[in-house]
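# Descriptive structure summary
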Amino acid sequence: MKKTNSIGIFDSGIGGLTVGHQIAKLMPNEHIIYFGDTKHLPYGDKSADAIKSYSKKITEFLIEQQCKMVVIACNTASALAFKEVLECCKGLAIVLNVIDPVAEHTSKSKAKKIGVIGTKNTIASNAYSAKLGELNKNVTIASLPTPLLVPMIEEGFYNDKISTSIISNYLENKVLENIDHLILGCTHYPLIEDEINKYYENKVVIVNSAKIVSQFVKKRLQENKLLASVPSKNSHLFFVSDYTKSFEQSAQYFFGQRISFTEVVL
Ligand code: DGL
């Protein structure tokens, strides 16, 4: 592993771009290889076996690109395929999921009742409640699956009437009553962070995994003496398993116009 090698990031679609964007902002010297598994999106309601298999194939691809680190920028894959990804990367790359950093960060806060929203798979896996419960016994965790949010965001519905109505419908759920923190347990959700804040009138702390994960990425690279010390000469690379206009538009929104895309059949 060399400092100049890339950071590999993957998600089922555009969600992980929120993490990629924060990583690029915090560590501008780093070169990023992003993989959006648009062919298999959404991961939120697929079987665990399917998610493990997609995650393994993507990881193998990122390892072939000699990534020094693989960031599973998808909560669903982090909840269901972390072990498999670790196995593929053994001795070859560092692996980071998005759940552990967020749970660690939130467990150290003043939170008393933490809400978690995510895909059906992430919530059913109990990954957040297990980790948070293990780190802080005094906290109450209230989890709610919010499956409509990913297709809504992928279709470009945010900051409009449709998204406001769907978001309030979910957040009004009794389960989330009296929460003081809300974990955005899906990497797509930072795109609707402002709307969620508006719903809560800024009275609930919104935990945005993209920012927290990027700080953990930096820490892990520093610990392993793998943080790039000079700017990469190459532009970030974006791979998708199925080209979609919405992916290209979102990637350009986060990373500017001059980005190259390659479709890869896994
Ligand atoms: N962005 C992903 C997550 O964090 C998954 C969305 C999906 O594919 O269902 O869970």
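Here the structure is shown first, and the text comes after it.
In short, a report on the structure. Bear in mind the structure is a predicted one, so any value in this text is a computation, not a measurement. (Residues numbered from 1 in each chain as written. Predicted model: local features only at pLDDT ≥ 70, side-chain atom pairs only at ≥ 80, totals over all residues. Heavy atoms only, no water.)

Where helix 2 (residues 48-64) meets helix 3 (residues 75-89), the axes come as close as 8 Å, and the angle between the chain directions of the two elements is 45°. By the angle class used here, helix 2 and helix 3 are oblique. Once helix 2 is placed against helix 3, the crossing between them reads as right-handed. Mapping the contact onto sequence places Ala48, Ile51, Lys52, Ser55, Lys56, Thr59, Glu60 and Ile63 in helix 2 and Thr76, Ala77, Leu80, Ala81, Glu84, Val85, Cys88 and Cys89 in helix 3. Of the residues belonging to the contact of helix 2 with helix 3, the class tally is nine nonpolar, three polar and four charged. (Axes fitted to C-alpha atoms, helices over the stretch in contact; angles between N-to-C directions. Helix = DSSP H or I, 4+ residues; strand = E, 2+ residues; numbered from the N terminus. Parallel < 35°, antiparallel > 145°, perpendicular 65-115°, else oblique. Left-handed = near helix turned anticlockwise from the far one by under 90°. Contact = heavy atoms within 4.5 Å. Nonpolar A, V, L, I, M, F, W, Y, C, P; charged D, E, K, R; others polar.)

Our next topic: the site of the ligand. Neighbouring the ligand are 14 residues, the closest being Ser12, Tyr43, Asn75, Thr76 and His188. Measuring from a nitrogen atom of the ligand, one finds a side-chain N or O atom of aspartate 11 at 3.0 Å. Here glycine 44 contributes a backbone N or O atom positioned 2.8 Å from an oxygen atom of the ligand. Its residues placed into classes, the shell around the ligand shows six nonpolar, seven polar and one charged. (Near = heavy atom within 4 Å. Polar contact = N/O pair within 3.5 Å; in protein donor to acceptor, adjacent residues only side chain to side chain.)

Strand order in the open sheet formed by four strands is 6-5-7-8, and the pairing between neighbours is parallel. In this open sheet, the two strands that pair with only one neighbour each are strand 6 (140-145) and strand 8 (205-207). Shown here is a sheet whose adjacent strand axes are inclined to one another by a mean of 20°, direction ignored. Across three bridges, the pairing between strand 7 (residues 181-184) and strand 8 is parallel. In the sheet register, histidine 181 faces strand 8, and the bridge partner there is valine 205. Running at roughly 170° to strand 6, helix 6 (residues 127-135) makes contact with strand 5 (113-118), strand 6 and strand 7 of the sheet. (Pairing = 2+ DSSP bridges.)

It is worth spelling out the pairing of strand 5 at this point. Counting buried residues along strand 5, five of its six residues qualify, which places the element largely inside the surrounding structure. Where strand 5 lies against strand 6, six bridges are found, and the strand directions are parallel. Residue pairing for strand 6: isoleucine 114 is matched across the bridge by isoleucine 141. Here strand 5 pairs with strand 7 via four bridges, running parallel. By the bridge assignment for strand 7, valine 116 is matched with isoleucine 183. (Buried < 20%, exposed > 50% of the residue type's maximum accessible area, 1.4 Å probe, protein only.)

Moving on, we get to empty space enclosed by the protein. A water-sized probe rolled over the atoms picks out the places where empty space is left. For the structure shown, the criterion picks out one cavity of 30 Å³ or more. Quantified by volume, the largest cavity comes out at close to 40 Å³. With three residues, the single largest contributor to the lining of the largest cavity is helix 6. In terms of residue class, the lining of the largest cavity is made up of four nonpolar, four polar and no charged. (1 Å grid on protein atoms, 1.4 Å probe; cavity = no way out; pocket = protein on both sides within 12 Å on 5 of 7 lines; lining within 4 Å. Points joined across faces, edges and corners; volume = space filled by probe spheres on them.)

On to the nonpolar core. One finds Leu182, Ile196 and Val217 to be the most contacted residues of the largest nonpolar core, which totals 66 residues. Looking at which element gives the most residues to this core, the answer is helix 10 (residues 209-223), with six residues. Not counting residues within four places of it along the chain, the set of residues in contact with valine 217 comprises Ile7, Ile23, Met27, Met69, Val71 and Leu96. Membership of the second largest hydrophobic core comes to 24 residues, among which are Tyr43, Leu62, Val70 and Ala77. (Core = buried A, V, L, I, M, F, W, Y, C linked by side-chain atoms within 4.5 Å.)

Everything listed here is a matter of geometry and, on its own, says nothing about what the molecule does.
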